[in-house]
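# Understanding the architecture of this molecule
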Amino acid sequence: RARMKETMQDAKDHYQAETLISRDLREKVHDLKKEIADQADHNKLVSKELSVHAAELEKEHEEDRLELEATLQAKEDLEQQVKAQRKEIVVKTEELSHLKEKNAEQAQK
């Protein structure tokens, strides 16, 4: 009889222990699910921020590219102007030499 009572008590204790373990595990699972959901929300937010930042960088890159193109075009234009001016200087120098020669000839006459 006492042995049976002990066995019943053991079974009761075992059941209570399993119930506590089960409740503890359910709470842990619930907490983990909440943590995962919070992390997923955080990841979505970070992902959105990164997308916005990437778009801003892309826009900046495009602006920089356009600015570089404009700068290179301006440089090319200036180089063409310098070439044209050099040619003009050569022509004017030749004209001046020619005029000096004519002037010298006129002076000899």
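Summarised in this report is the structure supplied together with it. (Residues numbered from 1 in each chain as written. Predicted model: local features only at pLDDT ≥ 70, side-chain atom pairs only at ≥ 80, totals over all residues. Heavy atoms only, no water.)

### Description of the overall build of the protein
Of the regular secondary structure elements, the protein holds 1 helix and 0 strands. A compact globule built from 109 residues should have a C-alpha radius of gyration of about 13 Å, whereas the protein, at 46 Å, is more than 25% larger. Across its three principal directions, the C-alpha atoms of the protein cover 160 × 20 × 10 Å. Looking at the protein as a whole, 0% of its 109 residues are labelled buried. (Helix = DSSP H or I, 4+ residues; strand = E, 2+ residues; numbered from the N terminus. Rg over C-alpha atoms; globule rule 2.2 N^0.38 Å. Buried < 20%, exposed > 50% of the residue type's maximum accessible area, 1.4 Å probe, protein only.)

### Concerning a negative patch on the surface
A cluster of like negative charges, contributed by Glu56, Glu60, Asp64 and Glu67, occupies part of the molecular surface. Within the secondary structure layout, Glu60 lies in helix 1 (residues 2–108). (Patch = residues over 30% accessible without salt bridge, like charges linked within 9 Å, V, L, I, M, F, W, Y side chains within 5 Å. Areas by Shrake-Rupley, 256 points an atom, 1.4 Å probe, with all protein chains shown as cover. Salt bridge = Lys/Arg side-chain N within 4 Å of Asp/Glu carboxyl O. Lys, Arg positive; Asp, Glu negative; His and termini not counted. Charge placed at Lys NZ, Arg CZ, Asp CG, Glu CD.)

### Observations regarding the pattern of salt bridges
Counting across every chain of the model gives 6 salt bridges. Here Arg65 makes a salt bridge to Glu62, at a shortest N to O gap of 2.6 Å. In this pair, Arg65 and Glu62 both sit in helix 1, 3 residues apart, roughly one turn of the helix. A single network of salt bridges, built from pairs that share partners, joins Glu62, Arg65 and Glu69.

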